[in-house]
Each structure stands twice: as C-alpha cells, then as structure tokens.
Amino acid sequence: MLTDDGKHLYVSWDEYHLLTERLALKVHASGWEFDQILCLARGGMRPGDVLSRVFDKPLGIMSTSSYRAEAGTIQGRLDMAKYITMPKGELAGRVLLVDDLADSGVTLKAVVERLRGMPAITELRSAVIWTKKVSAYTPDYYCEMLETSPWIHQPFEEYDGMGPEQLAKKFVV
C-alpha cells in the first residue's frame, strides 16, 4: 500500500509473493530463453530463488551492498563481490539478472556493465519487482513502475536489527 504522500510503500508477504510470480510470468511471456539466473544479494535472493525454481535454471549469487547507514535506509558507496557463486561451472550464456528493485539504478547499472564485460555471457537481461521512475537504469522486466520514489517496506525488514534474543521473545508464551 502506497501512502497518500507517496513516500512509503508497504508490502505484505502475500503481495510480495504475488509480485514475484507476476515477474516470472512477464519473463515467460517475453519468450526469451535463458540458461542461468544471477541474483543480487540480498534483495534479489528471494525473487531469484523463486524464478530459479519456476524456470528450473541454476541460480548464481553476487553480493552487492550500498545501503548500510541508518538501518539500511541511506545509500552509500557500492561494494561488489569479486567472485560470483555458482552451483557448478561459470556464469555463461544467456543470463537473467534478478534483483528486488531499481532504486537509483546505480547498483544495477554497475553490475550490468561488469557482466557485459564478461566474454562468456552471450546475452544479459534484467528483472526486478519495482522500478522507480528516477532510476538511472530501467530493467528489461519489472512488475511496477513507481512514479514517486517511496521507501519500500518489504515484509522481511522486520528482521533488520533483530537479534536472536528478540526473535526468541516471539515464541515465549
């Protein structure tokens, strides 16, 4: 649910799963055949996992990080992992890059540039759940184009800053 002022988008688990499924259907409807999926950790891991299962394709993981300050709400310097984790072999062929959103577009744009420099990748497309209109990069596939630039409150954010002690309190009767 988008707030009236357009500054916050609250997403439930059910909405998140439906959007991820819609993303899979958009990729499928395009008719594009791909060989592997590469998700960006952490935001792309959940949709990447679902797409990997739906399309029965190997899932690679590349760690990136730019949101660290203020409980992950302030974007800082982009860090990209030197290595990409794959179940076997190397990242090659036609690759679908998956993340949760194109916010500023800085991360996706940098990752796409890096991947396009890899000779083993013959074709690269990208897929996200949300794209903000202010993004410097527009993915090939997305579910929602956000006219404003809201902070997206994803359902798993309840775990940010929660330690095991706080988690255990949920189970105390």
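Residues numbered from 1 in each chain as written. Predicted model: local features only at pLDDT ≥ 70, side-chain atom pairs only at ≥ 80, totals over all residues. Heavy atoms only, no water.

- The protein chain goes by Nicotinate phosphoribosyltransferase in an unreviewed UniProt entry, where it is assigned to Roseateles puraquae.

## What about the state of the cysteines?
(1) Moving on: If you walk through the whole model with that rule in mind, you get zero disulfides.
(2) Moving on: Cys-143 takes part in no disulfide bond, and the closest cysteine sulfur, belonging to Cys-39, lies 16 Å away.
(3) Moving on: On the basis of relative accessibility, which here comes to 9%, the residue Cys-143 falls in the buried class. (Disulfide = S-S within 2.5 Å. Buried < 20%, exposed > 50% of the residue type's maximum accessible area, 1.4 Å probe, protein only.)

## A short note on helix H2 (residues 45-55)
(1) Moving on: All of the buried residues in H2 are Pro-47, Gly-48, Leu-51, Ser-52 and Phe-55. Seen along its axis, H2 keeps its buried residues to an arc of 135°; they face one direction. Facing away from the buried surface of H2 by more than 90 degrees, the exposed residues are Arg-53 and Val-54.
(2) Moving on: Positioned one or two residues after H2, Asp-56 has a phi angle of 55°, which is positive. (Helix = DSSP H or I, 4+ residues; strand = E, 2+ residues; numbered from the N terminus. Arc of directions from axis to C-beta.)

## Remarks on the pattern of salt bridges
(1) Moving on: The full count for this structure, using the stated rule, is six salt bridges.
(2) Moving on: Across the salt bridge formed by Arg-53 and Asp-49, the nearest N and O atoms sit 3.0 Å from each other. Linking Arg-53 with Asp-49, this pair stays in helix H2, spanning four residues, or about one helical turn.
(3) Moving on: Here Glu-123 and Arg-125 are joined by a salt bridge, their closest N and O atoms 3.3 Å apart.
(4) Moving on: Glu-123 sits in the partly exposed class, given a relative accessible area of 28%. (Salt bridge = Lys/Arg side-chain N within 4 Å of Asp/Glu carboxyl O.)

## Some words on the packing of aromatic side chains
In this description, a pair of aromatic rings is defined by centroid distance and the angle of the planes.
(1) Moving on: Scanning the model with the defined rule gives six aromatic pairs in all.
(2) Moving on: An angle of 55° between the planes, with centres 6.1 Å apart, marks the rings of Trp-13 and Phe-156 as tilted. With a gap of 143 residues between them, Trp-13 in helix H1 (residues 13-30) and Phe-156 in the loop between strand E9 (151-153) and helix H5 (164-169) connect regions that are remote in the sequence.
(3) Moving on: On the basis of an interplanar angle of 70° and a centroid distance of 5.1 Å, the ring pair of Phe-34 and Phe-55 is categorised as edge-to-face. With Phe-34 in the loop between H1 and strand E2 (36-41) and Phe-55 in helix H2, the pair connects residues that are 21 residues apart, well separated along the chain. There is no split in this pair, since Phe-34 and Phe-55 are both buried.
(4) Moving on: Taken together, the ring pairs in this structure connect Trp-13, Tyr-16, Trp-130 and Phe-156 into an aromatic cluster.
(5) Moving on: Cation over ring: Arg-46 sits above Phe-156, and NZ or CZ is 3.9 Å from the ring centre. (Phe/Tyr/Trp six-rings, centres within 6.5 Å; stacked < 30°, edge-to-face > 60°. Lys NZ or Arg CZ within 6 Å of the ring centre and 35° of its normal.)

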